[in-house]
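# Descriptive analysis of the structure
The chain contents come next:
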Amino acid sequence: EKKRFYHAPFIIVLVIGSILFFVYMGSYSPSFLMQRHVFTQQPNTEVSLLKMPLKTTITSDNVNLSQIIVDMRYVKNAEHTRLTQKHPAQLVLRIFDQNKKLVTESKRNALIVEGKPRFPFGFPTIPDSKGKQYAIELSIEKGTPTDQIFVDTSPNSLVSVYTNEKKELAAEQMFASLHG
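Residues numbered from 1 in each chain as written. Predicted model: local features only at pLDDT ≥ 70, side-chain atom pairs only at ≥ 80, totals over all residues. Heavy atoms only, no water.

### Observations regarding the overall build of the protein
Rules: Each helix is a run of DSSP H or I of at least 4 residues and each strand a run of E of at least 2, with the numbering of both proceeding from the N terminus. Under the scheme applied here, a residue whose accessible area is under 20% of the maximum for its type counts as buried, over 50% as exposed, and between as partly exposed, the area being computed with a 1.4 Å probe on protein chains only. Between two residues, a contact is recorded if the distance between any of their heavy atoms is within 4.5 Å. Every accessible area reported is derived by Shrake-Rupley at a probe size of 1.4 Å, with residue values counting cover from the shown protein chains alone.
Summing up its helical and strand segments, the protein has 3 helices and 10 strands in all. In sequence order, the protein lays out its α and β elements as α-β-β-β-β-α-β-β-β-β-β-β-α. Scored against the burial criterion, the 180 residues of the protein give a buried share of 36%. Sequence-distant contacts, at least 24 apart, represent 83% of the contacts inside the protein between residues at least 6 apart. Of the roughly 11600 Å² of accessible surface on the protein, 60% is carried by carbon and sulfur atoms.

### Overview of the sheet that holds strand E6 (residues 102-109)
Defined as follows: In this scheme, strands are said to pair when DSSP sees at least two bridges between them. Axes, fitted as lines to C-alpha atoms, cover a helix only where it is in contact. Angles between the N-to-C directions of the axes lie from 0 to 180 degrees.
If you walk across this open sheet you meet the 4 strands as E3-E8-E5-E6, and the pairing is antiparallel. Only two strands of the sheet have a single neighbouring strand rather than two, namely strand E3 (54-59) and E6. Taken over all neighbouring pairs, the strand axes of this sheet differ in orientation by 15° on average, direction set aside. Here 7 bridges tie strand E5 (residues 90-96) to E6, and the two strands are oriented antiparallel to one another. Each residue of the ladder has a partner; that of Val-92, found in E6, is Lys-107.

### Things to note about the pattern of salt bridges
Quick reminder of the rule: Salt bridges are identified by distance alone: a Lys or Arg side-chain nitrogen within 4 Å of an Asp or Glu carboxyl oxygen.
In the structure shown here, the tally under the stated rule is 8 salt bridges. Here Asp-71 ties to Arg-118 by a salt bridge, and the two come within 3.6 Å at their closest N and O atoms. Highlighted residues: Asp-71 in strand E4 (residues 65-75) and Arg-118 in strand E7 (residues 118-126), separated in sequence by 47 residues. Owing to a relative accessible area of 47%, Arg-118 belongs among the partly exposed residues under this scheme. Between Glu-141 and Lys-107 there is a salt bridge, with the nearest N and O atoms lying 3.3 Å from each other. Of this pair, Glu-141 sits in strand E8 (residues 133-141) while Lys-107 is found in strand E6, placing the two residues 34 residues apart along the sequence. Look at Glu-141 and you get partly exposed, because its relative accessible area is 25%. Residue classification places Lys-107 among the partly exposed positions, given a relative accessible area of 44%. It is possible to trace a salt-bridge network through shared partners that takes in Lys-55, Arg-94, Glu-105, Lys-107, Glu-137 and Glu-141.

Read these as geometric descriptors, not functional statements.
Laid out in structure tokens, this is it:
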């Protein structure tokens with residue numbers, strides 16, 4: 001009877017631990033998948049958005065496309081621009097689907113890029129994005145030589161981010177291991 005008494009705390013801890021584990025795994029907190037894309041094969045290439053928009057195409061490997069991250073830098077001092085220009089340059093990201101229909105557009109003051117070499121553009125999640133091609137267009141409106149953006153177009157400088165729930169990722173991994 002004494003042996004059973006020593007096992008009771010262990011069993012209680014095991015049961016509580018199992019419950020907490022299942023509650024954690026069943027939570028709805030999002031997880032992220034990232035996919036790198038290639039602008040060009042040339043290393044250390046930088047392009048100004050002042051003269052013309054930068055365009056590229058990506059193919060989505062996952063569902064729930066939620067964000068595009070681009071390596072870029074702002075030219076000038078953002079504080080100076082904020083204080084001296086009434087209408088600063090606008091950084092614009094547009095995403096078009098395979099039919100050239102605008103899916104989403106994001107506009108921001110270009111000066112907010114300063115200090116953020118990997119700049120994220122968030123937008124409403126595109127749930128059925130897997131396997132689809134999207135045209136990405138970056139441009140600047142009202143830019144000047146002292147209020148503009150340079151984009152790093154070297155390989156892997158463009159990243160797409162996909163938002164998934166943990167249970168979806170676990171199900172995909174299990175399916176892949178069974179059918180891989």
